[in-house]
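Observations on chain architecture
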Amino acid sequence: MPKVSIILPVYNVSSYLDEAMQSLLAQTFRDFEIIAVNDGSTDNSLEILEKYAAQDSRIACYSQHNQGQSAARNLALQHAQGEYIYFMDSDDTISPEAIRKCHDYICSTNADFIFFDADIAYEEGSTTIPWNYKRTHLLKEHQPYSGDFLLNMMLDNGKHSCVVWALFIRRKFLEQIQLSFYPGIIHEDELFTTILTLSSHHVFCLQQSLVSHRVRRSSTMGIRYSERNINGYLTVIDELLKFQDSPLVRKFARYTLSKVFYTGHILPFAQKIRVFLRAAKSGYLPFIGSKSILVFWLKR
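Described in the following lines is the structure provided in the data block.

About the cut-offs
Residues numbered from 1 in each chain as written. Predicted model: local features only at pLDDT ≥ 70, side-chain atom pairs only at ≥ 80, totals over all residues. Heavy atoms only, no water. Pairing = 2+ DSSP bridges. Helix = DSSP H or I, 4+ residues; strand = E, 2+ residues; numbered from the N terminus. Contact = heavy atoms within 4.5 Å. Axes fitted to C-alpha atoms, helices over the stretch in contact; angles between N-to-C directions. Buried < 20%, exposed > 50% of the residue type's maximum accessible area, 1.4 Å probe, protein only. Phe/Tyr/Trp six-rings, centres within 6.5 Å; stacked < 30°, edge-to-face > 60°. Lys NZ or Arg CZ within 6 Å of the ring centre and 35° of its normal. Core = buried A, V, L, I, M, F, W, Y, C linked by side-chain atoms within 4.5 Å. Parallel < 35°, antiparallel > 145°, perpendicular 65-115°, else oblique. Nonpolar A, V, L, I, M, F, W, Y, C, P; charged D, E, K, R; others polar. Salt bridge = Lys/Arg side-chain N within 4 Å of Asp/Glu carboxyl O. Right-handed = clockwise from strand over helix to strand, strands pointing away.

Strand order across the open sheet formed by eight strands is 3-2-1-4-7-6-8-5, with mixed pairing between neighbours. Only two strands of the sheet have a single partner each, and these edge strands are strand 3 (59–64) and strand 5 (93–94). Where strand 1 (residues 4–10) and strand 4 (residues 84–87) come together, four bridges link them in parallel fashion. Within strand 4, the position partnered with I6 by the bridge is Y86. The strands that helix 2 (residues 45–55) touches are strand 1, strand 2 (32–39) and strand 3; relative to strand 3, the one it contacts most, it runs at about 155°. Strands strand 1, strand 2, strand 3 and strand 4 of the sheet are contacted by helix 3 (residues 69–79), whose axis makes an angle of about 145° with strand 2.

Here you go:
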């Protein structure tokens, strides 16, 4: 059985998939499996995956009708056999030592999961994002942290990051807390990583940057931001409050929804009405705050 299961959801990334796969196959740590799930791609992503699967027995390729990244990852989790799980984005790349460093570190610490830093690779024509993925400098290596402490501290420093591709997770811990991805929404990582963090009392950071995260033109928030984005975040808050209605979760809700609705000023008026009514009905207006509400309605 492999030590590590690398889960790779794939949807219309044929321009980047070869680079991602090559970075995985270049790993100095060899005891892994790659579970790739083609989520109904309409380009030649599936053909690329099948080419690699035919060349390397460590690669398993599954296909499904387009159901979104959550469903693709959940399908891969059902097939995962490794002691540890790494979720990779199919347009990113990782350093050759990434899996070895993560594996050795999580074994030495016996962590539930570890997290690390990442660099950003901007595609030509993409818009600069107003955040980065450098946060381990706030902590100490080889020191265990509780999830409550981590989440609270990251929120206070404006460094909370929901991305799953900067995590390396013990599979038994995922099974113990019965955690999977919420299907049918975007921003599902916000829910997954927050529940993962709140469920753990034994988290460690690895103070190295191991991933090159690609920011693409087509993923720019200002181009595609819609009520689906806000509804995804609202569902995240719904589910988090079901999981744990605590001051810390409410703090997370304020941190998240104030930014989400501030950005939401770019929505068409009809979409604004629908998402605002949903937030009001759920009692979330105090989480949004008066400033973000004013911007949401008045800024053009």
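Next comes the rest of the account.
The subject of this paragraph is the environment of F113. With respect to the helices and strands, the residue F113 is situated in strand 6 (residues 113–122). Taking the relative accessible area as the measure of exposure, F113 reaches 2% and is therefore buried. A sequence separation of 88 residues divides F113 from H201, and the C-alpha atoms of the two residues are 10.0 Å apart. The residues contacting F113, other than those within four sequence positions of it, are I106, L167, F168, I169, F173, L196, T197, S200, H202, V203 and F204.

Before going further, it helps to examine the packing of aromatic side chains. Given two aromatic rings, their pairing is described by the distance between the two centres and the angle made by the two planes. Counting across every chain of the model gives 14 aromatic pairs. Linked through ring pairs, F261, F269, F276, F296 and W297 together constitute an aromatic cluster. The side chain of R58 reaches across the aromatic face of F32, ending 4.3 Å from its centre. In this structure, K272 is placed above the aromatic ring of F296, and the distance from its NZ or CZ to the ring centre is 5.5 Å.

So, on to the nonpolar core. Ranked by internal contacts, the top residues of the largest apolar core, which has 59 residues, are F87, F192, L196, I230, L257 and F261. Element by element, the count of residues in this core is highest for helix 10 (residues 247–263), at eight residues. Look past the residues within four positions of L257 in its chain and what remains in contact with it is Y233, L234, I237, Y284, F287 and I288. If you look at the next biggest cluster of nonpolar residues, it comprises 42 residues, including V4, L17, M21 and L24.

Turning our eyes to something else, we now look at the packing of helix 9 (residues 227–243) against helix 10. Where helix 9 meets helix 10, the axes come as close as 11 Å, and the angle between the chain directions of the two elements is 175°. Considering their axes alone, helix 9 and helix 10 lie roughly antiparallel with respect to each other. In contact with I230, Y233, L234, V236, I237, L240 and L241 of helix 9, helix 10 contributes V249, R250, F252, A253, T256, L257, V260 and F261. Per-class residue counts for the contact of helix 9 with helix 10 are 13 nonpolar, one polar and one charged.

Bringing the pattern of salt bridges into the picture now. Scanning the model with the defined rule gives 16 salt bridges in all. The salt bridge involving D89 is made with R73; its shortest N-O contact spans 3.4 Å. You can see D89 sitting in the loop between strand 4 and strand 5 and its partner R73 sitting in helix 3, a full 16 residues away along the chain. Exposure remark for D89: the relative accessible area of 13% places this residue in the buried category. Residue R73 is classed as buried on the basis of its relative accessible area of 0%. Residues K242 and E239 are paired through a salt bridge, measuring 3.1 Å at the closest nitrogen-oxygen approach. With K242 and E239 both in helix 9 and three residues apart, this pair spans about one turn of that helix. For E239, a relative accessible area of 19% corresponds to the buried category. Each of R73, D89, E188 and D189 takes part in a single network of salt bridges with overlapping partners.

Below, the discussion takes up the pairing of strand 3. As judged from the six bridges shared by strand 2 and strand 3, these two strands associate in the parallel manner. By the bridge assignment, V37 is partnered in strand 3 with Y62. Between the parallel pair strand 2 and strand 3, the chain is carried across by helix 2, and the sense of this crossover is right-handed.

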